[in-house]
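# Analysis of the macromolecular model
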Amino acid sequence: MVSSLYNEILSALESGGVEDAAFESDVMFEEVFGKDFKLKLMTGQLERAETEAEAARLREMLRRRLSGEPLQYIVGRWDFYRGEFSVGEGVLIPRQDTETLVEAAYGLVKDIKAPKILDLCSGTGCIAITLSELLPGAEVHAVELYDDAYSYLEKNIAEHHSPVIPHKLDALSEESAELFSDLNLITCNPPYLTSEDMQGLQTEVRHEPETALFGGDDGLDFYRAIPTLWKKSLREDGYIAFEIGATQGEAVKAILEDSGYEDIRIIKDFCGKDRTVIAKIL
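This text gives an overview of the structure that appears in the document. The shown structure was predicted, so the numbers you read here are calculated from the model rather than taken from an experiment. (Residues numbered from 1 in each chain as written. Predicted model: local features only at pLDDT ≥ 70, side-chain atom pairs only at ≥ 80, totals over all residues. Heavy atoms only, no water.)

### Here we look at the overall build of the protein
A count of helical and extended segments in the protein gives 12 helices and 9 strands. In terms of overall dimensions, the protein is globule-like: its C-alpha atoms have a radius of gyration of 21 Å, near the 19 Å expected for 282 residues. Contacts in the protein between residues far apart in sequence, at least 24 positions, make up 63% of those at least 6 positions apart. When the accessible surface of the protein is summed, it comes to about 13400 Å², and 48% of that surface belongs to carbon and sulfur atoms. Averaging the positions of the 28 positive and the 53 negative side-chain charges in the protein gives two centres separated by 3 Å. (Helix = DSSP H or I, 4+ residues; strand = E, 2+ residues; numbered from the N terminus. Rg over C-alpha atoms; globule rule 2.2 N^0.38 Å. Contact = heavy atoms within 4.5 Å. Areas by Shrake-Rupley, 256 points an atom, 1.4 Å probe, with all protein chains shown as cover. Lys, Arg positive; Asp, Glu negative; His and termini not counted. Charge placed at Lys NZ, Arg CZ, Asp CG, Glu CD.)

### Remarks on the pattern of salt bridges
A full pass over the atoms with the stated rule returns 20 salt bridges. A salt bridge links Arg64 to Glu69; the shortest N-O distance between them is 2.6 Å. With relative accessibility at 11%, the residue Glu69 sits in the buried group. Among the ionic pairs, Glu159 bridges to Lys155, the shortest N-O distance being 3.1 Å. Remark: Lys155 and Glu159 occur in helix 8 (residues 147–159); sequence separation between them is 4 residues, near one turn of the helix. Take Glu159: its relative accessible area is 39%, and that puts it in the partly exposed class. Taken together, the shared-partner salt bridges connect Glu31, Arg57, Arg77 and Glu84 into one network. (Salt bridge = Lys/Arg side-chain N within 4 Å of Asp/Glu carboxyl O. Buried < 20%, exposed > 50% of the residue type's maximum accessible area, 1.4 Å probe, protein only.)

### Some details on the packing of aromatic side chains
Evaluated as defined, the whole model comprises 9 aromatic pairs. Between Phe29 and Phe33, the ring centres sit 5.9 Å apart and the planes meet at 20°, which makes this aromatic pair stacked. Here Phe29 and its partner Phe33 are both found in helix 2 (residues 21–33), 4 residues apart, which amounts to about one turn of the helix. Neither Phe29 nor Phe33 differs from the other in exposure class; each is buried. Pairing Phe180 with Trp230 gives two aromatic rings, centres 5.9 Å apart and planes at 45°, and the pair type is tilted. Remark: Trp230 occurs in the loop between helix 11 (221–229) and strand 7 (234–243) and Phe180 occurs in the loop between helix 9 (174–177) and strand 6 (183–188); sequence separation between them is 50 residues. Accessibility assignment for this pair places Phe180 and Trp230 in one class, buried. The rings of Tyr6, Phe29, Phe33 and Phe37 are connected pair by pair, giving a single aromatic cluster. Over the ring of Tyr261 we find Lys231; its NZ or CZ atom is 5.8 Å from the centre of that ring. (Phe/Tyr/Trp six-rings, centres within 6.5 Å; stacked < 30°, edge-to-face > 60°. Lys NZ or Arg CZ within 6 Å of the ring centre and 35° of its normal.)

Next up, the structure:
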């Protein structure tokens, strides 16, 4: 019976040390039986034997999850802000923490009639695409260097029917920065994990690309480079907005001050941790 298979998958996830086994089991079953799986189960609509195909699909998802693969890669997409984004090997999984950056960025330019925005290290494009949806009159560009991540950027732009313009460029290249000018806002969720952080990563996080995670020995390499490299691409009253690690606020603030920015603010996420730094160009 489907209910017995559900209990089997849930028990296996719990035994395998999956932290939120009930949630992940629900997600897997929703993939096979639909978003209303729990309702169907509770109302008796699934009081039947599962098909061989249904059981095989669920057991394959279980096998992949117990091997350490992230649930998000297994289902191939994940929710972010008000939308859903395709994900898979080679691209950073969108996280709720990053919604703090989106909210802060939106607040900076929402009163500008047609803001020009650039998102660096764009990955799935979740920041750029979400801002484009929140700001219908905006011109939004997204920069991503790595092939696998860039393919997801293009895929998500197409799936969202988004006007975001993708660019396969290196965010740490002076030549890239010279291609853009008159920007009202630059957003960036750069790699910011330290060497110590990388040593202690959860198994599933190790499946995500190191290029999207590791920010140098102290995690600050991208924060040191980007404010200076991209300064001339901003308007005189333009802003830069970074996602940061929870302990990096003051360090990033100091870097921005030294790089010639003002009105620097550290913004906390939904859990009360420092998560975003915004600054205005002098």
